[in-house]
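Results of the structural survey
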Amino acid sequence: MAENIRRLPIGVQSFEKLRQDGYIYVDKTRYVYNLAHSAGQYFLSRPRRFGKSLFLSTLAAYWEGRKELFEELAIEELEKGNADAWQPYPVFYFDFNGENYQRDTALDDALDKMLQGWEAIYGCQAQGTLSGRFQKLLATAFEQTGRRCVVLVDEYDKPLLEVLEKDELEEHNKAVFKGFFGTLKSYDKYLQFVFITGVTKFSKVSIFSDLNQLRDISLLEEYAGICGITQGEMEKNLAPEIKNMASALNLSEDDCLKALQAHYDGYHFDPRGEGVYNPFSLLNALADKRFKAYWFATGTPTFLVRRVRQVGLDANRFTNRTLYADEYSLTDYRYENPDIIPLLYQTGYLTITDYDDAADLYILGFPNREVKYSFLKSLLPEYAPIAVPSSGKDIYALRLCVNAGDTEGMGDILTALFASIPYTTGDAPFEHYFQSVLYMVFTLLGQFVQCEVHSSRGRADCIVETEQFVYIFEFKVDKPAQEALQQIEDKGYAAPFAADPRQVFKIGVSFDSEKRSLAEWLVNI
């Protein structure tokens, strides 16, 4: 029986372990072949937990000549008849995962530790600067093996992302990188292949300014599926797991596939490229046979949600196709840049949804349900601190009122949410808070009931539907709630529900911009 157990590679970052221990492997080795035979220098940006480390480990195994690990994979056939294939090269694999870089010398210590391991292999003395020692290793490895060196750098930006709000330490770590990896430019004659991964490509970091040949493949269609899992790969490699999940949830396989797609698919790294699933969430969902926010739960974006509020970004822009960026800003991040959109894209909270050819701009939005609802759930308390489960004034409490037809309770919760909004003189106008909080509240409510938020004229501001009730909302700022109710009547917003057996509530809401509060809540049946 044990022989039939299929092992999902959740969190497995070692290609050797994955292959030797019999884990399911989604074959990405055609990308290894294409990159290796181009013998260049590359940079790849992808969000965290997206398979970058496993891919780098696969590259390392290839360059080390570990042919036995690649049996029955695409690259085995591709390399057939190539006499130069599977020759071992000296590989320097810099892994910046697993360290805490909050200490002043943490990056220096991590580099020193890695260099010491290679110095023991090649018989070099641990003397001089970090960059000088690395130069010595490259030259010595070439002299001893007769082959040029392979340099792989995994999550280079982790020592920078961890200290974004510590200016001195961030500058120190940038300076360390400038001195250390600047070595690669002057020692190009010793290099066979370079591949660097990270979440974001930081401007003014020497890795990029000094390596003139470094090719950024992050937004190229041919590499759109290099990390993550495509629809075809999922259905080919994970069919038994999908069948088991569907059975456990009493779903048809088609409905299970649609639900998986809605929750975890939708990442695009080129507007023409095939979409990919977040592999961490997909594999966990299949293992647990549940739909949960697995990826989001591994790292709450506290810094990002705080920045979204600070820069006054209207929350409804996340889904109305008005978020955009050019290619340069998507691939080159500067901390002092007031535009938070590129970092939201690079960290995986936004993805490419379309491309404007005329303006040469990428249109961005949430990739899927997991990110959409989890991000807005984290963002709402930044605007309305009381919106947490322990308060009884959160989305789940509002849902209970909506399902029960309790319009008084709904009014109390929304009044409390707006009363909890902090205010300082430097804050955005109330209009921004009013629109953002309403958008987040009703979008999050849409997880549980049918909810439409409208911004166009001729339609109600918001319509919420349950099995028993229909709620038609009209919102006003500095105008009477009665005027909002009258607009519902005059415009015939309730007409589509005239023959509907459900009870229809017409709700007029007035907000006071001076007091920054919900001033009136009127209900007609």
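Going by the structure above, here's the rest.
Residues numbered from 1 in each chain as written. Predicted model: local features only at pLDDT ≥ 70, side-chain atom pairs only at ≥ 80, totals over all residues. Heavy atoms only, no water.

Regarding helix 8 (residues 167-181)
Between the first and last C-alpha of helix 8 there are 21 Å, a value that for 15 residues agrees with the 21 Å anticipated at 1.5 Å per step. Residues Leu169, Glu170, Asn173, Lys174, Val176, Phe177, Phe180 and Phe181 constitute the buried set of helix 8. What you see down the axis of helix 8 is that its buried residues fit within an arc of 155 degrees, all on one side. More than 90 degrees from the buried face of helix 8, the exposed residues found are Asp167 and Glu168. (Helix = DSSP H or I, 4+ residues; strand = E, 2+ residues; numbered from the N terminus. Expected span 1.5 Å × (residues − 1). Buried < 20%, exposed > 50% of the residue type's maximum accessible area, 1.4 Å probe, protein only. Arc of directions from axis to C-beta.)

A word on the sheet that holds strand 7 (residues 351-356)
Taken in spatial order, the three strands of this open sheet run 6-8-7, and their pairing is antiparallel. What marks the edges here is a single partner per strand, and that holds for strand 6 (323-325) and strand 7. Along the sheet, successive strands turn relative to each other by an average axial angle of 40 degrees, direction set aside. Note that strand 7 and strand 8 (residues 361-365) share five bridges and pair antiparallel. Its bridge partner lying in strand 8, Asp356 is registered against Leu361. (Pairing = 2+ DSSP bridges. Axes fitted to C-alpha atoms, helices over the stretch in contact; angles between N-to-C directions.)

Some words on empty space enclosed by the protein
Throughout the structure, instances matching the rule amount to one cavity of 30 Å³ or more. Counted as a void, the largest cavity has a volume near 70 Å³. Around the largest cavity sit Ser45, Arg46, Pro47, Ser218, Leu219, Phe269, Leu330, Thr331, Tyr345 and Gln346, which together line it. Among the elements of the structure, helix 17 (327-331) and helix 18 (341-346) are those that each provide at least two residues to the lining of the largest cavity. (1 Å grid on protein atoms, 1.4 Å probe; cavity = no way out; pocket = protein on both sides within 12 Å on 5 of 7 lines; lining within 4 Å. Points joined across faces, edges and corners; volume = space filled by probe spheres on them.)

Considerations on the nonpolar core
The biggest cluster of nonpolar side chains holds 166 residues, and the ones touching the most others in it are Phe94, Phe195, Leu260, Phe318, Phe442 and Phe473. The greatest single-element share of this core, amounting to eleven residues, is contributed by helix 22 (residues 430-445). Those residues in contact with Phe442 that sit more than four places away from it in its chain are Leu414, Cys451, Val453, Cys462, Val464, Phe473 and Phe475. In this structure, Ile463, Val470, Ile472 and Tyr493 belong to the second largest nonpolar core, which totals ten residues. (Core = buried A, V, L, I, M, F, W, Y, C linked by side-chain atoms within 4.5 Å. Contact = heavy atoms within 4.5 Å.)

Some details on the packing of helix 12 (residues 239-248) against helix 13 (residues 253-264)
Interhelical geometry of helix 12 versus helix 13 gives an angle of 100 degrees and a closest axis separation of 9 Å. The orientation of helix 12 relative to helix 13 falls into the category roughly perpendicular. Contacts between helix 12 and helix 13 involve Ile242, Lys243, Met245 and Ala246 from the former and Glu253, Cys256, Leu257 and Leu260 from the latter. Partitioned by chemical class, the residues of the contact of helix 12 with helix 13 number six nonpolar, no polar and two charged. (Parallel < 35°, antiparallel > 145°, perpendicular 65-115°, else oblique. Nonpolar A, V, L, I, M, F, W, Y, C, P; charged D, E, K, R; others polar.)

Looking at the layout of surface pockets
Rolling a probe over the atoms, with the probe sized like a water molecule, indicates the empty space that remains. Reported here for the largest pocket is a volume of approximately 1,300 Å³. Arg48, Arg49, Phe50, Lys52 and Glu155 are, among the 49 residues lining the largest pocket, the residues nearest its centre. Mapped onto the lining of the largest pocket, the elements with two or more residues apiece are helix 3 (52-63), helix 7 (158-161), helix 14 (279-288) and helix 16 (302-310). With five residues, the single largest contributor to the lining of the largest pocket is helix 3. Tallied by class, residues from the lining of the largest pocket come to 25 nonpolar, 14 polar and ten charged.

Let's talk about helix 19 (residues 369-383)
Helix length check: helix 19, at 15 residues, gives a terminal C-alpha distance of 21 Å against a target of 21 Å (1.5 Å per residue), a fit within 8%. Among the residues making up helix 19, those that are buried are Glu370, Val371, Tyr373, Ser374, Phe375, Leu376, Leu379, Leu380 and Tyr383.

Quick word on the packing of aromatic side chains
Evaluation of the coordinates by the stated rule reveals 51 aromatic pairs. Arranged with centres 5.0 Å apart and planes meeting at 75 degrees, the rings of Phe50 and Tyr267 form a pair that is edge-to-face. Of this pair, Phe50 sits in the loop between strand 1 (41-45) and helix 3 while Tyr267 sits in the loop between helix 13 and helix 14, placing them 217 residues apart in sequence. Aromatic side chains Tyr62 and Trp63 sit 5.3 Å apart centroid to centroid with 80 degrees between the ring planes, which places their arrangement in the edge-to-face category. (Phe/Tyr/Trp six-rings, centres within 6.5 Å; stacked < 30°, edge-to-face > 60°.)

Examining the pairing of strand 8
With four of five residues buried, strand 8 is to be regarded as a mostly interior element. Relative to strand 8, strand 6 runs antiparallel, the two sharing three bridges. In the sheet register, Leu323 faces strand 8, and the bridge partner there is Leu364. A loop of four residues connects strand 7 with strand 8, the two strands running antiparallel in sequence, and Asp360 in this loop sits at a positive phi of about 60 degrees.

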